[in-house]
Amino acid sequence: MITAFVFIQTDSKKIPEVAEQISAIPGISEVYSVTGEWDLIAIARVRQHEDLADVVADRLSKVDGVLETTTHIAFRAYSRHDLEAAFSLGLT
């Protein structure tokens, strides 16, 4: 499974509509409205890199109101949940 974080700048008048449209794209698991330089962050979870290209380049970037995107692909996840599960299995 490939996880990517897509930072999105939008037309500020269309943020809620853009977020709704993006959240409906297959492969997008979550969309967050955020503060700072970017308006939205979407989390994409796909099986292959080609699928990521379809989700981001062919669909998300073409949503009306999306002005710019940048995508960060995750290599490894570190979370409290994952660490606690490893310790409970004796994987330390």
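Residues numbered from 1 in each chain as written. Predicted model: local features only at pLDDT ≥ 70, side-chain atom pairs only at ≥ 80, totals over all residues. Heavy atoms only, no water.

S.K.: Before we go on, may I ask you to explain the overall build of the protein chain in this structure?
M.R.: Scanning the protein chain from N- to C-terminus turns up 3 helices and 4 strands. Scanning the protein chain from its N terminus toward the C terminus, one meets helices and strands in the order β-α-β-β-α-β-α. The buried share of the protein chain, reckoned over its 92 residues, is 29%. On the protein chain, roughly 6,400 Å² of surface is accessible, and the fraction owed to carbon and sulfur atoms is 53%. (Helix = DSSP H or I, 4+ residues; strand = E, 2+ residues; numbered from the N terminus. Buried < 20%, exposed > 50% of the residue type's maximum accessible area, 1.4 Å probe, protein only. Areas by Shrake-Rupley, 256 points an atom, 1.4 Å probe, with all protein chains shown as cover.)

S.K.: Honestly, the environment of E37 in this entry has me stumped. Any pointers?
M.R.: Note that E37 resides in the loop between β2 (28-33) and β3 (40-46). We classify E37 as exposed; its relative accessible area is 59%. Here the alpha-carbon distance between E37 and I8, two residues 29 residues apart in the chain, equals 9.2 Å.

S.K.: Explain the sheet that holds β3 here, please?
M.R.: Across a sheet, strands are paired by hydrogen bonds formed along the backbone, either parallel or antiparallel in direction. Taken in spatial order, the 4 strands make up an open sheet running β2-β3-β1-β4, and their pairing is antiparallel. Of all strands in the sheet, those with a lone pairing partner are β2 and β4 (66-73), marking the two edges. Across this sheet, the average inter-strand angle for adjacent strands is 20 degrees, counted without regard to direction. As paired strands, β2 and β3 are joined by 5 bridges and run antiparallel to one another. Bridge pairing in β3 links S33 to L40. (Pairing = 2+ DSSP bridges. Axes fitted to C-alpha atoms, helices over the stretch in contact; angles between N-to-C directions.)

S.K.: Hey, could you run me through the nonpolar core in this one?
M.R.: The nonpolar side chains of a soluble globular protein tend to be buried with one another. Of all hydrophobic cores here, the largest spans 20 residues; its most connected members are I8, I22, I28 and L60. For this core, the elements supplying multiple residues, two or more each, are β1 (2-10), α1 (15-23), β3 and α2 (49-59). Beyond its immediate stretch of four places on either side in the chain, I28 contacts I22, S23, A42, I43, A44, V55 and L60. (Core = buried A, V, L, I, M, F, W, Y, C linked by side-chain atoms within 4.5 Å. Contact = heavy atoms within 4.5 Å.)

S.K.: Can you help me understand α1 in this one?
M.R.: Helical geometry note: an α-helix holds 3.6 residues per turn, so side chains three or four residues apart project in the same direction. Among the residues making up α1, those that are buried are I15, V18, A19 and I22. Projected onto a plane normal to the axis of α1, the buried residues spread over an arc of 100 degrees and lie on a single side. For α1, the exposed residues set more than 90 degrees away from the buried face come down to P16 and E20. On its buried face, α1 sits against β1, β2, β3 and β4. (Arc of directions from axis to C-beta.)

S.K.: What am I meant to see in α2 here?
M.R.: By the burial criterion, the buried members of α2 are L52, V55 and V56. Down the axis of α2, the sector holding all buried residues measures 75 degrees, keeping them to one side. Tucked inside the fold, the buried residues of α2 contact β1, β2, β3 and β4.

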